[in-house]
Amino acid sequence: PKKTGAGYGIRISKNDYSILKNWKEINVEGNKILRNDKTKFTENCPEIRNKIIGKFLIENKVNNWEKGEPKKLILYNVGENKFELKLE
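What comes next concerns the included structure. Because the structure is predicted, anything quoted here is derived from the model rather than measured.

Another aspect to go through is the side chain of Asn27. Along the chain, Asn27 falls in strand β2 (residues 25–28). With a relative accessible area of 18%, Asn27 lands in the buried category. Only 2.9 Å separates the side chain of Asn27 from the backbone nitrogen of Gly30, close enough to count as a polar contact. Excluding its chain neighbours within four sequence positions, the residues that come into contact with Asn27 are Phe83, Glu84 and Leu85.

In C-alpha cells:
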C-alpha cells in the first residue's frame, strides 16, 4: 500500500456481514464511497477497499499494527444501507 491510500481497506467480520451485505454508501470524514458494479464484497471476501479508507487509516496512524492485533474501526449505520466509518 502506498501513501495515496490505494490498496488499503477494511475487513468485515462474518458476524457483521449480513448487516453490511447490501451497503450502498460509506462516509469517511465527509468523503463518500459509493458501491458500484465492480465492488467485490461477498461473504467469502468481506473486504471493502478504497483509497479514501486508506488515506483515513494513514492520517489517523492506524494503517499498521502488530501481527494478530489489527486496529478496530466502527461502521455506524446512518441510514438505509448507508454507513459512517469512525475510529473505535
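Now that the structure has been shown, we can carry on.
Our focus in this paragraph is the pattern of salt bridges. By the definition in use, this model includes four salt bridges. Among the salt bridges present, the one from Glu47 reaches Arg11, with a minimum N-O distance of 2.7 Å. Of this pair, Glu47 sits in strand β4 (residues 47–49) while Arg11 sits in strand β1 (residues 9–11), and the two are 36 residues apart along the sequence. Here the residues in one salt-bridge network are Arg11, Glu47 and Arg49, joined through shared partners.

Generally speaking, nonpolar side chains in soluble globular proteins are found buried as a group. Within the largest apolar cluster, 17 residues are counted, with the highest numbers of intra-cluster contacts made by Trp23, Ile26, Val28, Phe41, Ile48, Ile53 and Leu85. When contributions to this core are tallied by element, the ones reaching two or more residues are α1 (14–20), β2, α2 (51–59) and β6 (82–87). At three residues, the largest contribution of residues to this core is made by α2. The residues touching Ile53, leaving out its near neighbours within four places in the chain, are Gly9, Ile10, Val28, Ile33, Ile48 and Leu85.

This part is about the sheet that holds β6. The strand order across the open sheet formed by four strands is β3-β2-β6-β5, and the pairing between neighbours is mixed. Each of the sheet's edge strands pairs with one partner strand only, and the pair in question is β3 (31–34) and β5 (73–79). Between one strand and the next, the sheet's axes are offset by a mean angle of 30 degrees, whatever the strand orientation. One ladder, built from three bridges, connects β2 with β6; its direction is parallel. Residue pairing in the sheet places Asn27 in a bridge with Glu84 of β6.

Cut-offs and rules
- All residue numbers here refer to positions counted from 1 along the written sequence of the relevant chain.
- Per-residue local features of the predicted model are confined to residues with pLDDT of at least 70, and side-chain atom pairs are confined, for both listing and counting, to 80 or more; whole-chain, interface and lining totals are unaffected and use all residues.
- By convention in this description, side-chain values take in all heavy atoms of the structure and omit both hydrogens and water.
- The secondary structure listing takes helices from DSSP runs of H or I that are at least 4 residues long and strands from runs of E that are at least 2 residues long, numbered from the N terminus.
- Relative accessibility decides the category of a residue: with a 1.4 Å probe and only protein chains considered, values under 20% of the type maximum give buried, values over 50% give exposed, and everything between is partly exposed.
- Each polar contact in these results corresponds to two N or O atoms within 3.5 Å; when the atoms are within protein, one needs to be able to donate a hydrogen and the other to accept it, and residues that are neighboring in sequence are counted only if both atoms are side-chain atoms.
- Residues count as neighbours in contact if any of their non-hydrogen atoms are within 4.5 Å of one another.
- A pairing counts as a salt bridge when a side-chain nitrogen of Lys or Arg comes within 4 Å of a carboxyl oxygen of Asp or Glu.
- Think of a nonpolar core as a cluster: buried Ala, Val, Leu, Ile, Met, Phe, Trp, Tyr and Cys residues, connected wherever their side-chain atoms sit within 4.5 Å.
- Note on pairing: DSSP must find at least two bridges between two strands before they are called paired.
- Comment: axis = line fitted to C-alpha atoms, over the contacting stretch for helices; angle = value between 0 and 180 degrees taken between N-to-C directions.

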